[in-house]
Amino acid sequence: MLFLAVLGTGIQARAEIYVIGNPDVTLSSSEIADAFLGEKQIAGSTKLVPVDNKALQKDFLSKVLNMDNVKYNSSWTKKSFRDGIPAPKVKSNDADVIEFVKSTPGAIGYVSSPASGVNTLAKY
Amino acid sequence: MTCKRIALSTMLILGALPVVSAQAEEGLPLHGFADVGMAFSSDSAPESFRTRGATVGNFDLYLTPQFSDRTKGLFEILFEPDDGRYILDIERIQVGYTFSDLLTAWLGRFHTPYGYWNTAFHHGAQIQTSILRPRFLDFEDAGGILPAHSVGFWGTGQFRVSSDRVVYDVYITNGARILGDELDPNIQLDDNKNTALGGQVAYSFGNGPLDGFRLGFHGYTQQIDTINAGTGSVDANSITRVYGFSTVYENHGIEALGEYYRFSDRNLAAADPEKALGSWAGFVQLGYDFLPELTAYGRLEKAELDQEDAYFANQASGRSYTRESAGLRFRVGMNTALKFEFLHTNLKATDQAGFNEGRLQYAVNF
């Protein structure tokens, strides 16, 4: 049992993160980071709508943005206060993120496995 | 006051109404800052009879509605203590259109984008490390000598240079005036042709040894009239030209901030209206996270303001000074901070000796 628990932890630590976007969105890796920090608002002619995934947020912030939740939260408070850009909505799991990204033009999010009907923009 | 009531009602309505589809599902979040605390001061100036006790700070509310993909708003109101009572101030009413990442055009009343502090922190007590702002960067009615608020046009944007970033601001606004010995941004049309023109450009490093370092240059010019509060006549006018730089470093648990402002002003009513009068003000602040939740910081600030310059002579706060301060900031939770700060201030050109202050602040954002 203990072995399985340790194994499970190990698997979770190595879990891959798939950044997905509405079919109208194309972004490079650096642009993905910028979009989740409010530094990039427009891609082509599309207004970007980033959405966070509560279940994966800690790993995403660490792997993609190289920061923890405290710094991320602080960064968005400053960004929103200065530039009037709302922080990303937070969805609770992969299914909610996929549904939001599919149905919202310009939406980008991240999930733990490949999803159909969306653009996979990057894998971390 | 009527205008303020109307604006407040508008904000409350905006807060209650859906704006675009995503917001329609979840409502429009209301954000804000608040702080409470305690303070003592050894200031012996006659008017400073309130020298110790508990304080209730600012209560700041703001909304960021998205009216369409490209059109957005930023509305902020402030309840602030003033002579023993609270007054309501409309901080920001700005509506913007984002053409691209290179340009968002704002129209309305906004925080004037010079340096770093004024737009990054402003009334956001919880997000700034220290309790007090540098004195010369304070608000117009609280000791500041710069127009912290402006009404007009503001264009801002950014672009990448490899892993680095260039950010710029340009603004054309109603020129400020001095009314009742403090700056006033002329919110309802300009009172003369003293249109203000300013801007800044900043370069932020995103990689390598300078990752987290930002260097910016700013400047603005405008004509400032001093209005006689009794008669409404113009008692003095001066052309003020300001330029300087700001630096920010945030990385490895270090926060280093610095800003410098150089004034080259002319009194238009003087015998020699072409004579430039030089003044300057600046600060440096250094903070270090000894623990993830604990930051120790210190700041030095100084202003050398020429009293021949009508711009400073006619402002109650336009006197030279030095100030040293140090403090501790505890991050109590994700959105709360407890701070302790000690300050020593010397006001020049007065008979008053330097005075000390001790402050405690518990600040939150939501």
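Residues numbered from 1 in each chain as written. Chains lettered and ligands numbered in written order. Predicted model: local features only at pLDDT ≥ 70, side-chain atom pairs only at ≥ 80, totals over all residues. Heavy atoms only, no water.

Residue-level account of the pairing of strand E1 (residues 30-41) of chain B, with values.
All names here are of chain B. Looking at chain direction, E1 and strand E2 (residues 52-63) are connected through 10 bridges and run antiparallel. For Val36, the partnering residue across the bridge sits in E2 and is Val56. Sheet analysis places E1 next to strand E18 (residues 355-365), joined by nine bridges and oriented antiparallel. Bridge pairing in E18 places Met38 opposite Leu360. (Pairing = 2+ DSSP bridges. Helix = DSSP H or I, 4+ residues; strand = E, 2+ residues; numbered from the N terminus.)

I'd like to hear about helix H2 (residues 29-36) of chain A, residue by residue, with values.
What H2(A) keeps buried is the set A:Ile32, A:Ala33, A:Asp34, A:Ala35 and A:Phe36. Just downstream of H2(A), A:Gly38 is the residue with a positive phi angle, here 75°. (Buried < 20%, exposed > 50% of the residue type's maximum accessible area, 1.4 Å probe, protein only.)

Account for the side chain of A:Arg82, with residues named and values stated.
Within the element layout of this structure, A:Arg82 appears in helix H4 (residues 69-83). Residue A:Arg82 is classed as buried on the basis of its relative accessible area, which comes to 15%. Side-chain polar atoms of A:Arg82 contact the side chain of B:Asp169, separated by 3.4 Å. With near-sequence residues (within four places) excluded, A:Arg82 lies in contact with B:Leu74, B:Arg92, B:Pro113, B:Thr119, B:Trp154, B:Asp169 and B:Gln200. (Polar contact = N/O pair within 3.5 Å; in protein donor to acceptor, adjacent residues only side chain to side chain. Contact = heavy atoms within 4.5 Å.)

Please give an account of the environment of B:Phe342 that cites residues and values.
Residue and element names in this part refer to chain B. Its place among the elements puts Phe342 in strand E17 (residues 336-347). Along the primary structure Phe342 and Asn356 are separated by 14 residues, whereas in three dimensions their C-alpha atoms are 7.3 Å apart. Setting aside residues up to four positions removed in sequence, Phe342 forms contacts with Phe40, Glu324, Ser325, Ala326, Glu357 and Gly358.

Any chance you could break down the packing of aromatic side chains for me, citing the residues and the numbers?
In this description, a pair of aromatic rings is defined by centroid distance and the angle of the planes. All names here are of chain B. Evaluation of the coordinates by the stated rule reveals 27 aromatic pairs over all chains. Aromatic side chains Phe263 and Tyr311 sit 6.4 Å apart centroid to centroid with 35° between the ring planes, which places their arrangement in the tilted category. With Phe263 in strand E13 (residues 254-267) and Tyr311 in helix H4 (residues 310-313), this pair connects stretches of sequence that are 48 residues apart. Summarising the burial analysis for this pair, Phe263 and Tyr311 share the class buried. Cluster of aromatic residues (ring-pair linked, three or more members): Tyr114, Tyr116, Trp117, Phe121, Phe136, Tyr220, Tyr261 and Phe283. (Phe/Tyr/Trp six-rings, centres within 6.5 Å; stacked < 30°, edge-to-face > 60°.)

Pulling in residues and values, what's your account of the sheet that holds strand E7 (residues 119-123) of chain A?
All names here are of chain A. Read across the sheet, five strands follow the order E5-E4-E6-E1-E7 without closing on themselves; strand pairing throughout is mixed. Two strands in the sheet have a free side with no partner beyond their single neighbour: strand E5 (89-91) and E7. Pairs of neighbouring strands in the sheet enclose a mean axial angle of 30°, with direction left out of account. Here strand E1 (residues 18-21) pairs with E7 via four bridges, running antiparallel. Bridging across to E7, Gly21 finds its partner in Asn119. (Axes fitted to C-alpha atoms, helices over the stretch in contact; angles between N-to-C directions.)

Report on the confidence of the model for chain B, specifying residues and quantitative values.
Residues at a pLDDT of 70 or more form 90% of chain B, whose mean pLDDT is 89. Here residues 1-22 of chain B is a poorly scored stretch, pLDDT under 50, and it has 25 contacts once near neighbours within four places are set aside; other chains count. (pLDDT = per-residue confidence, 0-100.)

Before we move on, could you go through the environment of A:Gly106 and cite the residues and values that matter?
Residue and element names in this part refer to chain A. Considering the arrangement of structural elements, one finds Gly106 in the loop between helix H5 (94-103) and strand E6 (107-111). Through-space distance from the C-alpha of Gly106 to that of Val25 is 5.9 Å; in sequence the pair is 81 residues apart. The residues touching Gly106, leaving out its near neighbours within four places in the chain, are Asn22, Asp24, Val25, Thr46, Lys47, Leu48 and Val49.

Mind laying out the interface of chain B and chain A, listing which residues take part and the relevant values?
Think of interface size as the accessible area that goes away when the parts come together; that is how it is often given. Taken residue by residue, the interface counts 39 residues in chain B and 24 residues in chain A. In total, chain B and chain A occlude about 2700 Å² of area from one another, counting both sides; carbon and sulfur atoms represent 47% of this. Looking at the side of chain B facing chain A, the largest losses of area belong to B:Arg70, B:Asp101 and B:Met334, adding up to 19% of the total buried there. Put simply, chain B and chain A have five salt bridges between them. A salt bridge links B:Asp101 to A:Lys40; the nearest nitrogen and oxygen atoms lie 3.1 Å apart. Summed over the shared surface of chain B and chain A, the number is 14 residue pairs in polar contact (both at pLDDT 80 or more). Those elements that provide at least two residues to the side of chain B that touches chain A are E2, strand E3 (71-82), strand E4 (85-100), strand E5 (103-111), helix H3 (117-120), strand E6 (149-161) and strand E7 (164-173) of chain B. (Buried area = accessible area lost by both parts, 1.4 Å probe. Salt bridge = Lys/Arg side-chain N within 4 Å of Asp/Glu carboxyl O.)

Pulling in residues and values, what's your account of the pairing of strand E16 (residues 321-333) of chain B?
Residue and element names in this part refer to chain B. Here strand E15 (residues 294-304) pairs with E16 via 10 bridges, running antiparallel. Residue pairing for E16: Gly298 is matched across the bridge by Ala326. In the sheet, E16 pairs with E17 via 12 bridges, with the strands oriented antiparallel. Bridge pairing links Leu328 to Phe340 in E17. The loop that links E16 with its antiparallel partner E17 comprises two residues.

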